[in-house]
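Results of the structural survey
The residues making up each chain are set out below.
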Amino acid sequence: MRKNKKNYGNFQDDNELLTLELIHRYVEVLDKYFGSVCELDIIFNFEKAYFILDELVMAGEVQETSKKAVLKQIEFADNYQVRAGKLLLPVATF
């Protein structure tokens, strides 16, 4: 049985160029979504940044490579949240 040794979070037989390409793609999608992404965007919108990463990667494997498809899914989720927020009934105050 062959054991994979970890090397800085990657398995030895993982392609470093593909890992760098994935990081680059993540930054491109963040930049497209936030306009010009900066550290504060990620700090104050951590849930959204994590959701975007989750659209790209699932269980350590690349799920989607298309920026358009990821941005479309994020737009759908944003619209769903807005519609769901409008459906919530206001809480009665006494």
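Below you will find a few notes about this structure.

What follows deals with helix 3 (residues 46-56). When we look at burial in helix 3, the residues that qualify are Lys-48, Ala-49, Ile-52, Glu-55 and Leu-56. Taken down its axis, helix 3 places every buried residue within 120° of arc, on the same side. Looking at helix 3, the residues exposed on the side facing more than 90 degrees away from the buried face are Phe-46, Glu-47 and Tyr-50.

Judged by nonpolar contacts, Tyr-26, Val-29, Leu-30, Phe-34, Ala-49, Ile-52, Leu-56, Val-57, Val-70, Leu-71 and Ile-74 together constitute the single largest core of 11 residues. Contributing elements (two or more residues each) for this core: helix 1 (16-34), helix 3 and helix 4 (67-87). When residues in this core are grouped by element, the largest group, four residues, is from helix 1. Sequence-distant contacts of Tyr-26, that is, excluding residues within four places in its chain, are made with Ala-49, Tyr-50, Ile-52, Leu-53 and Leu-56.

What counts as what
Residues numbered from 1 in each chain as written. Predicted model: local features only at pLDDT ≥ 70, side-chain atom pairs only at ≥ 80, totals over all residues. Heavy atoms only, no water. Buried < 20%, exposed > 50% of the residue type's maximum accessible area, 1.4 Å probe, protein only. Helix = DSSP H or I, 4+ residues; strand = E, 2+ residues; numbered from the N terminus. Arc of directions from axis to C-beta. Core = buried A, V, L, I, M, F, W, Y, C linked by side-chain atoms within 4.5 Å. Contact = heavy atoms within 4.5 Å.

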